[in-house]
Amino acid sequence: MSFEDDERFEQELRRAFGAEDPGEVFTQRVVNRVTVDAVRSVPPRPPARAPWWVALPFAASLVVAVGGVAWVQYARHVEEGERARTQVLTALRLTSEKLNVVRSAVIQAQELR
Amino acid sequence: MKRDSGLFTSVFGNRHLWTLILTIMLVPVVSAAGQNPRLRMPDLSQLASRSSNTVDITLDGALLSLASQFLDGKDDDERSVKELLTSIKGIYVKTFEFDRDGGYSTADLDAVRQQLTTPGWSRLIGVGSRRDQEQVDIYMWMDGNKPGGLAILAAQPRQLVIVNIVGAIDLEKLRALEGQFGVPRFDLERRSKDDRKRKDDQDQ
């Protein structure tokens, strides 16, 4: 290889490694790419809430269950109350009946004197 | 300090002293338990098995209060019952009805009669009806000068009734209840008037 060849090779190398303006188009593509990446790096949004009416069957079931328990308790309370009422009336009627037996016997004894 | 310890030991370590203290504390409790208008109903399950119809009513504080809530305050009869219940603390009734005479013996009632001889109880009256072969005994438990309990033993050949009511009882109000619930009054009173009229007619 001659000296001239070396010099030419060196010049070609310098040209190859030299700074070159990529042009407006390239610059715009890079800017666009950076913007897209920035948008992509935004944290994901939380999943959308379920609509309110999805909870409706659960709420209705809860209301029915609570209402049912309350109704059963009330019915039991009424049943016990009516039973107690009947027992009171029976017991006092019976007591009154026996007191009247005694009273009548006393009156009869007084009248026969 | 040492003297305090000795005092502590002498007071709290004296077994005789503790026995005396406990005895003094327990005497009123035991005597109060003995003097109670609530009768201990004996086990009458044998009678129940022989009887054709049995009524067993036990109503105390909470149930009486509940029953009172279910009595109709607008109805005159039930209102009078409601008023009576305000002073009653307990109602205990046992009745036995038998298909034949002699379904029970007087010994069956001994346990009840024995309780009615304890202090506090006194026999108010006892009557016998020849026509119905019924013997009715009424006992009152007095709380000082006020009635605190009632017991009724009514025995017929085919029926036995034990009633125990705890509380301040107005006998006249209680007696007046009969007939209000559609139960006919015992007709001895009417019969006695008929007898008197017949006697008057004979005299004339």
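Attention now goes to the packing of helix H3 (residues 56–112) of chain A against helix H4 (residues 61–70) of chain B. Each pair of packed helices can be described by the angle between their axes along with the distance between the axes. At a minimum axis distance of 8 Å, the contact between H3(A) and H4(B) shows a crossing angle of 95°. Our classification of the angle between H3(A) and H4(B) gives roughly perpendicular. Judged by residue contacts, A:His77, A:Val78, A:Glu80, A:Gly81, A:Glu82, A:Ala84, A:Arg85 and A:Val88 of H3(A) engage B:Leu63, B:Leu64, B:Leu66, B:Ala67, B:Gln69 and B:Phe70 from H4(B). The residue inventory of the contact of H3(A) with H4(B), partitioned by class, reads eight nonpolar, three polar and three charged.

All names here are of chain B. Assignment of secondary structure puts Asn-164 in strand S6 (residues 159–167). In terms of polar contacts, Asn-164 uses its side chain to reach the backbone carbonyl oxygen of Pro-37, at 2.9 Å. Excluding residues that lie within four positions of it along the chain, Asn-164 makes contacts with Pro-37, Arg-38, Leu-39, Met-41, Gly-90, Ile-91, Tyr-92, Trp-121, Leu-150 and Ala-151.

In this section: the sheet that holds strand S5 (residues 146–156) of chain B. Residues and elements named next belong to chain B. What the six strands build is an open sheet, ordered S1-S2-S6-S5-S4-S3; its pairing is antiparallel. Edge positions in the open sheet fall to strand S1 (53–60) and strand S3 (121–129), since each of these has one partner strand only. Pairwise comparison of adjacent strand axes, ignoring direction, gives a mean angle of 10° for this sheet. With eight bridges connecting them, S1 and strand S2 (residues 88–97) associate as antiparallel partners. Its bridge partner lying in S2, Asp-56 is registered against Lys-94. Contacting S1 and S2, H4 crosses the sheet at an angle of about 95° to S1.

Cut-offs used in this document
- Residues numbered from 1 in each chain as written.
- Chains lettered and ligands numbered in written order.
- Predicted model: local features only at pLDDT ≥ 70, side-chain atom pairs only at ≥ 80, totals over all residues.
- Heavy atoms only, no water.
- Axes fitted to C-alpha atoms, helices over the stretch in contact; angles between N-to-C directions.
- Helix = DSSP H or I, 4+ residues; strand = E, 2+ residues; numbered from the N terminus.
- Parallel < 35°, antiparallel > 145°, perpendicular 65-115°, else oblique.
- Contact = heavy atoms within 4.5 Å.
- Nonpolar A, V, L, I, M, F, W, Y, C, P; charged D, E, K, R; others polar.
- Polar contact = N/O pair within 3.5 Å; in protein donor to acceptor, adjacent residues only side chain to side chain.
- Pairing = 2+ DSSP bridges.

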